[in-house]
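Structural description and commentary
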Amino acid sequence: MKITYLGLGAMGARMAENLIKAGHELTVWNRTPSAADPLISLGAKPAPTPRDAAKSADIIISCVRDDEASKAVWLDETNGAIHGMPADAIAIESSTLTIEWVKALGAAFAEKSLAFLDAPVLGSRPQAEGKQLIHVVGGEEDVFTKARAVLADMSGAQHLMGPVGTGAAMKLMVNSMMGVQVTALAELLAATEKGGIPKARAAEVFGSTIVCSPQMKIVSGLMAQGVHSPLFPVELIEKDLGYAVKEAGGADAVPVTSSARDVFTKVLEVGDGDLNMSAVEKLY
């Protein structure tokens, strides 16, 4: 198929590369053009604007940082992709965004009778590389059915959650649970270390228990080693938790999630926002 990919960050670049490997004809755009060079060397075609990139595409996918970037990529009056996409194309938003914005974006496509899915992904860079992401999708079932094969070229599972907005809701829920677990793990490993148990030993035993998720087993090992190369940077999970708190109606509605967000905000304040989320352990 002819596919356009907008946004070539750590996740987007890996997902786009898998589309090339699957045999699709790929056009790419990124705010910083040089980020597209590795994909161009694999056969992708660069485009100067999202609008230009969307022309002649069967599917247009976006994976950008936040609501503001999504709005610019899709709806900019001059260069927005919505103004260039064919009438029978499908727009897919794979960024982690607020439910409110995703619904507004869906309404903008509906107004033009254009197909739209909100389809954020669960997973990080290793899962993106290995096509083991999980797509959680909001939209019409017939549109999901048409797009599913392409989603499967980037992920190991695709789940239709309900109407537009439910994909975003599920993504924020999962990321909030992850953030709560990471912050709790950081403080508890520090507490056990103060009690005389080496952090590495505590992490090893914790990782062998039924209460430890596969993700937290990885994170506990990183915390024990003090290794925080970015897989899921602090600045992004802090943003996601902020979205979750806002969507829920404020800190009183989700006090645990809000407290976890506050901890990540402290990590940002000490200048470690570009490190992996496991760097929260440095606070302790």
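The structure this text deals with has already been given above.
One structure accompanies this document, and this report is about it. (Residues numbered from 1 in each chain as written. Predicted model: local features only at pLDDT ≥ 70, side-chain atom pairs only at ≥ 80, totals over all residues. Heavy atoms only, no water.)

Next up on the list: the pattern of salt bridges. Here the idea is simple: oppositely charged side chains can pair when their charged atoms come close. Evaluated as defined, the whole model comprises eleven salt bridges. The salt bridge partner of Arg14 is Glu129, with a shortest N-O separation of 2.9 Å. You can see Arg14 sitting in helix 1 (residues 10–21) and its partner Glu129 sitting in helix 6 (residues 125–129), a full 115 residues away along the chain. With relative accessibility at 25%, the residue Arg14 sits in the partly exposed group. Linked by salt bridges that have partners in common, Glu193, Lys199 and Glu281 make up one network. (Salt bridge = Lys/Arg side-chain N within 4 Å of Asp/Glu carboxyl O. Helix = DSSP H or I, 4+ residues; strand = E, 2+ residues; numbered from the N terminus. Buried < 20%, exposed > 50% of the residue type's maximum accessible area, 1.4 Å probe, protein only.)

Here we come to the environment of Leu133. For Leu133, the position within the fold is in strand 8 (residues 133–138). On the accessibility criterion, Leu133 (0% relative accessible area) is buried. Residues Leu133 and Met15, 118 residues apart in the sequence, show an inter-C-alpha distance of 9.3 Å. If sequence neighbours within four positions are ignored, Leu133 has contacts with Met11, Met15, Val121, Leu122, Gly123, Ser124, Gln127, Ala128, Met154, Ser155, Gly156 and Ala157. (Contact = heavy atoms within 4.5 Å.)

So, about the nonpolar core. Of all hydrophobic cores here, the largest spans 31 residues; its most connected members are Tyr5, Leu26, Ile61 and Ile92. Those elements that place two or more of their residues in this core are strand 1 (2–6), helix 1, strand 2 (25–29), strand 4 (59–62), strand 5 (90–93), strand 6 (115–118), strand 8 and helix 7 (141–152). Among residues more than four places away in sequence, those in contact with Ile61 are Ile3, Thr4, Tyr5, Leu6, Leu19, Ile92, Ser94, Val150 and Met154. Ranked by size, the runner-up nonpolar core spans 28 residues in total, among them Ile82, Ile99, Val102 and Phe109. (Core = buried A, V, L, I, M, F, W, Y, C linked by side-chain atoms within 4.5 Å.)

Attention now moves to the packing of aromatic side chains. One pass over the structure, following the stated rule, counts two aromatic pairs. Judged by centre distance (5.3 Å) and plane angle (85°), the rings of Trp74 and Phe109 are edge-to-face. Taken as a pair, Trp74 in helix 4 (residues 67–75) and Phe109 in helix 5 (residues 99–111) lie far apart in primary sequence, 35 residues in all. Residue class for Trp74 comes out buried when judged on its relative accessible area of 0%. Taking the relative accessible area as the measure of exposure, Phe109 reaches 0% and is therefore buried. Between Phe109 and Phe116, the ring centres sit 5.0 Å apart and the planes meet at 10°, which makes this aromatic pair stacked. For Phe116, a relative accessible area of 6% translates into the label buried. Here the aromatic residues Trp74, Phe109 and Phe116 are joined through ring pairs into a cluster of three or more. (Phe/Tyr/Trp six-rings, centres within 6.5 Å; stacked < 30°, edge-to-face > 60°.)

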